[in-house]
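As a plain string of letters, each chain reads:
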Amino acid sequence: MEKDLEGVATTAKIGTHPIHPMLIPFPIGLLSAGFACDFIFWITMSPFWAEAAFWSVLAGTVMTAVAALAGFTDFFGNARIRQLRTAWEHMIGNVTVLLLSLISLWIRLAQGHEEAILPWGLLISALVVLLLFFTGWKGGELVFNHRVGVQPSEPAARRLDKL
């Protein structure tokens, strides 16, 4: 596969800085913390960890939706991004993460924070973390292999003229 050395501009940005990469640490950290809290609850059966898991999943789901808005803006705002299979895999994986997180949140609200963890809360959280590994890998491919979000460079001749 040939790499695009010119860079692919994103649509959702502040100045020249893409917004999506600024937001993704929040859902990754929060949803991973939700899994960790679910797992610790399973071991300890301490209500504290069930409550912590609920709030981690809630905050992670909200931040996933916010990051998804920036991601959708980039995906639908640049046809070059939509032409990349990796972009589709990244987007579909992250939409799945959002849907699973919403299901997990709904189960936790419907059944109670403690009752929802075993087995479904823990299983969904584990699946979400595995999907985040996959989509994070694909996001890295978009940046490092396809240069999505890397500021498009102008031709060398124009850069030399500015010196």
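Because the structure is a prediction, the values reported are computed rather than measured. (Residues numbered from 1 in each chain as written. Predicted model: local features only at pLDDT ≥ 70, side-chain atom pairs only at ≥ 80, totals over all residues. Heavy atoms only, no water.)

## What to know about a nonpolar patch on the surface
A cluster of nonpolar side chains, contributed by Phe39, Trp42, Ile43, Met45 and Leu118, occupies part of the molecular surface with about 480 Å² of accessible area. Element by element, the count of residues in the nonpolar patch is highest for helix α2 (residues 25–44), at three residues. Counting through the fold element by element, Ile43 comes out in helix α2. (Patch = residues over 30% accessible without salt bridge, like charges linked within 9 Å, V, L, I, M, F, W, Y side chains within 5 Å. Areas by Shrake-Rupley, 256 points an atom, 1.4 Å probe, with all protein chains shown as cover. Salt bridge = Lys/Arg side-chain N within 4 Å of Asp/Glu carboxyl O. Helix = DSSP H or I, 4+ residues; strand = E, 2+ residues; numbered from the N terminus.)

## Structural notes on the side chain of His90
Of note, His90 is situated in helix α5 (residues 85–111). A polar atom in the side chain of His90 sits 2.8 Å from the backbone oxygen of Thr135. Beyond its immediate sequence surroundings of up to four residues, His90 is in contact with His20, Thr135, Lys138, Gly139 and Leu142. (Polar contact = N/O pair within 3.5 Å; in protein donor to acceptor, adjacent residues only side chain to side chain. Contact = heavy atoms within 4.5 Å.)

## Brief notes about the environment of Gly77
Assignment of secondary structure puts Gly77 in helix α3 (residues 47–77). Each C-alpha atom, one on Gly77 and one on Gly112, is 40 Å from the other, the two residues being 35 residues apart in sequence.

## As for the nonpolar core
Ranked by size, the top nonpolar core spans nine residues in total: Leu31, Val97, Leu100, Ile107, Ala116, Ile124, Val128, Leu131 and Leu132. If you list the elements that add at least two residues to this core, you get α5 and α6 (117–144). If one sorts the elements of this core by residue count, α6 sits on top with four residues. Aside from chain neighbours lying at most four places away, what touches Val97 is Leu31, Thr64, Val128, Leu131 and Leu132. (Core = buried A, V, L, I, M, F, W, Y, C linked by side-chain atoms within 4.5 Å. Buried < 20%, exposed > 50% of the residue type's maximum accessible area, 1.4 Å probe, protein only.)

## Some remarks on unusual backbone geometry
The omega angle of the peptide bond from Leu118 to Pro119 is 5°, so this bond is cis rather than trans. Within the fold, Pro119 resides in helix α6. Phi is positive for Met45, which is not a glycine, with a value near 60°. By the secondary structure assignment, Met45 is in the loop between α2 and α3. For Met45, a relative accessible area of 43% gives the class partly exposed. In this structure, Arg147 takes a positive phi of about 60° despite not being glycine. Its location among the elements puts Arg147 in the loop between α6 and α7 (156–162).

## Concerning the pattern of salt bridges
The full count for this structure, using the stated rule, is four salt bridges. With a closest N to O distance of 2.6 Å, Asp38 and Arg108 form a salt bridge. Placement of Asp38 in helix α2 and of Arg108 in helix α5 is noted, with a sequence separation of 70 residues between them. The burial state of Asp38 is the same as that of Arg108; both residues are buried. Glu89 is paired through a salt bridge with Lys138; the nearest N and O atoms lie 2.9 Å apart.

## As for the side chain of Ser56
With respect to the helices and strands, Ser56 occurs in helix α3. Excluding its chain neighbours within four sequence positions, the residues that come into contact with Ser56 are Leu30, Ala33, Gly34 and Cys37.

## Points about the packing of aromatic side chains
Counted according to the given criterion, the structure contains seven aromatic pairs. Seen from their ring centres, Phe75 and Trp88 are 4.8 Å apart, and the 85° between their planes marks the pair as edge-to-face. Taken together, the residues Phe75 in helix α3 and Trp88 in helix α5 connect sequence positions 13 residues apart. Overall, the relative accessible area of 3% leaves Phe75 in the buried class. What makes Trp88 partly exposed here is its relative accessible area of 38%. (Phe/Tyr/Trp six-rings, centres within 6.5 Å; stacked < 30°, edge-to-face > 60°.)

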